[in-house]
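Architecture at a glance
So you can see what is in the structure, the chains are spelled out below.
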Amino acid sequence: MNSTTASATAGSARQVDAHPATAPGPGPTRPAQVLRWLVVTALAAGASLLISRELPLLGPLLVALVLGVVCANLGPVARHVVGQSPRLDKLLLRSGVVLLGLKVVVADVIDLGPGAVVVVLGTVLTTYAATQVVGRALGLDRELTTLIAAGFSICGAAAVAAVESSIRARPRDVGLAVALVTAFGSAMIVAVPTLGHVLGLDRQQTAVWAGASIHEVAQVIAAASLIGGGTVALATAMAVKLARVALLVPVQVASGRICHGRHGSRRGPLVPLFLVGFLAAVGTRATGVLSAGMLDLASDVTTCLFAAAMFGLGTTIVARQLWPVPLRALLLAVVSTVVAAGVSLVLVVLLG
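An account of the accompanying structure is given in this report. (Residues numbered from 1 in each chain as written. Predicted model: local features only at pLDDT ≥ 70, side-chain atom pairs only at ≥ 80, totals over all residues. Heavy atoms only, no water.)

Some words on the packing of aromatic side chains
Taken as a whole, this structure holds 1 aromatic pair when the rule is applied. Where Phe 152 meets Phe 184, the ring centres are 6.1 Å apart and the plane angle is 55 degrees; that geometry is what we call tilted. Here Phe 152, found in helix H8 (residues 142-155), pairs with Phe 184, found in helix H10 (residues 171-198); they are 32 residues apart in sequence, far enough to count as distant. By relative accessible area, which is 0% here, Phe 152 ends up buried. Judged by its relative accessible area of 19%, Phe 184 is buried. (Phe/Tyr/Trp six-rings, centres within 6.5 Å; stacked < 30°, edge-to-face > 60°. Helix = DSSP H or I, 4+ residues; strand = E, 2+ residues; numbered from the N terminus. Buried < 20%, exposed > 50% of the residue type's maximum accessible area, 1.4 Å probe, protein only.)

Observations concerning the packing of H8 against helix H17 (residues 327-351)
Two elements in contact, H8 and H17, have axes separated by 10 Å at closest approach and are oriented at 30 degrees. The pairing of H8 with H17 is recorded here as roughly parallel in orientation. When you trace H8 past H17, the crossing you get is right-handed. Contact residues: H8 offers Leu 144, Thr 145, Ile 148 and Phe 152, while H17 offers Ala 329, Leu 332, Ala 333, Ser 336, Thr 337 and Ala 340. For the contact of H8 with H17, the per-class residue count stands at 7 nonpolar, 3 polar and no charged. (Axes fitted to C-alpha atoms, helices over the stretch in contact; angles between N-to-C directions. Parallel < 35°, antiparallel > 145°, perpendicular 65-115°, else oblique. Left-handed = near helix turned anticlockwise from the far one by under 90°. Contact = heavy atoms within 4.5 Å. Nonpolar A, V, L, I, M, F, W, Y, C, P; charged D, E, K, R; others polar.)

Description of the pattern of salt bridges
This model, assessed by the stated rule, comprises 3 salt bridges. Across the salt bridge formed by Arg 170 and Asp 141, the nearest N and O atoms sit 2.9 Å from each other. Here the residue Arg 170 occupies a position in the loop between helix H9 (157-167) and H10, and Asp 141 occupies one in the loop between helix H7 (113-137) and H8, the gap between them amounting to 29 residues. Note on Asp 141: relative accessible area 36%, which makes it partly exposed. For Arg 170, the salt bridge is made with Asp 173, and the minimal N-O distance between the two is 3.2 Å. What makes Arg 170 partly exposed here is its relative accessible area of 44%. Ionic contacts of the salt-bridge type, sharing partners, join the residues Asp 141, Arg 170, Arg 172 and Asp 173 into one network. (Salt bridge = Lys/Arg side-chain N within 4 Å of Asp/Glu carboxyl O.)

Given below as structure tokens:
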């Protein structure tokens, strides 16, 4: 065996060993591969939605990610999912980001008034910047730090997924960021309404605080139900939260520049095409041409797209890579949550 052949053989061996369930051998033709993967991810997304309805604190994206990891690390199942994806995950993620724009109601954001807008801008910018600074000080990888910064400052797992689609983070880092933002956001569901009462905030102030500090949209809804005040508190909290979602574009662009800058080059356009689609979706929602039924359907499709993509991502993760949770990543999540909650609280009190 000559040196070239030996190198090729060694490289093949490393590829096979990269995931415990990956096995060599001929695969199905590409059309069959695509069809099978679409069926598998659709089933996984549906199962994630059903499970998350029974366990709402987990969220469908985290459930889908866990399902992917479990399937990829179970011997009898793994060979049917690992390495079978035609890498549609990125397309699913970006399609979900585009439809996410339909959730943003520009009129509601404007109606919040300048005070609430300042709360949102101050919280997002401070949380994102502080997380980047602390993550670097802790010696964490820039990609993991950026995923946590985006998830904790914008909209949880959906923001992690959106940023991941352009910074090329490791699957393990994405899974870790999604797990952290879900866990800490779930804790905030009870913490914010309780502390709001203890600190003497009125319902309006507490609702603004919840929308500005809690990570996931579903978690904000759950917290608003604990605040009281019926639909008024819910509408306020959601308007503030969706104002944060509207800042996904600048955060996405900044994240791409931060992560790509260390390579000494700028890859791709300043604003990726799918973010242009996100802005177009925001504009479409503002026109009022879409009925309530169409918007509800789009919301469900958005969740399904994200969940399907998270399942695909999970099939690339070796389970032992996720545990134990790195202490430095856990510390960064604590800092990011404290900054988001603290800054937004101070601004709410000063401007409320």
